Amino acid sequence: MEVLIYLIPIALFLGGAGLVAFLWSLRSGQYDDMEGPKWRILDDGDLQENSAPVEAAKRKVS
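Residues numbered from 1 in each chain as written. Predicted model: local features only at pLDDT ≥ 70, side-chain atom pairs only at ≥ 80, totals over all residues. Heavy atoms only, no water.

Mind showing me how you'd approach the overall build of the protein chain here?
For the protein chain, the helix and strand inventory stands at 4 helices and 0 strands. When its helices and strands are written in sequence order, the protein chain yields α-α-α-α. Sorting the 62 residues of the protein chain into buried and exposed places 3% on the buried side. Put simply, the protein chain shows about 6,000 Å² of open surface, and 66% of that area lies on carbon and sulfur atoms. (Helix = DSSP H or I, 4+ residues; strand = E, 2+ residues; numbered from the N terminus. Buried < 20%, exposed > 50% of the residue type's maximum accessible area, 1.4 Å probe, protein only. Areas by Shrake-Rupley, 256 points an atom, 1.4 Å probe, with all protein chains shown as cover.)

Right, here's the structure in full:
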């Protein structure tokens, strides 16, 4: 039971540090854009940069 003298303050400190980190992330805008990352994963940027060869290939097939 003497170990609780050490464990309780450590647990309170870690909980407070987690709360401070969460509040910091809220204020710094970490959760502002919830839709953007999921669309960035699906976005295939290399097709947009080189769209001329893709369009030419589509015309040949049609």
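After that view, the rundown keeps rolling.
Hey, could you run me through the packing of aromatic side chains in this one?
Between two aromatic rings, the relevant description is the distance of the centres plus the angle of the planes. According to the stated counting rule, one finds 1 aromatic pair in the structure shown. An angle of 50° between the planes, with centres 6.2 Å apart, marks the rings of phenylalanine 22 and tyrosine 31 as tilted. According to the relative accessible area criterion, phenylalanine 22 is partly exposed, its value standing at 42%. By relative accessible area, which is 42% here, tyrosine 31 ends up partly exposed. (Phe/Tyr/Trp six-rings, centres within 6.5 Å; stacked < 30°, edge-to-face > 60°.)

Mind showing me how you'd approach the UniProt feature "transmembrane region" (unreviewed entry) in the protein chain here?
According to UniProt, the "transmembrane region" (unreviewed entry) feature falls on residues 6-26. End C-alpha atoms of residues 6-26 are separated by 31 Å, and the span's content is 100% helix alongside 0% strand. (UniProt positions renumbered as here; feature names shortened; annotations may be inferred.)

Before we go on, may I ask you to explain the side chain of serine 25 in this structure?
Counting through the fold element by element, serine 25 comes out in helix α1 (residues 4-27). Take serine 25: its relative accessible area is 8%, and that puts it in the buried class. A polar side-chain atom of serine 25 sits 2.7 Å from the main-chain carbonyl oxygen of phenylalanine 22. Not counting residues up to four positions away in its chain, the partners in contact with serine 25 are Gln30 and Tyr31. (Polar contact = N/O pair within 3.5 Å; in protein donor to acceptor, adjacent residues only side chain to side chain. Contact = heavy atoms within 4.5 Å.)

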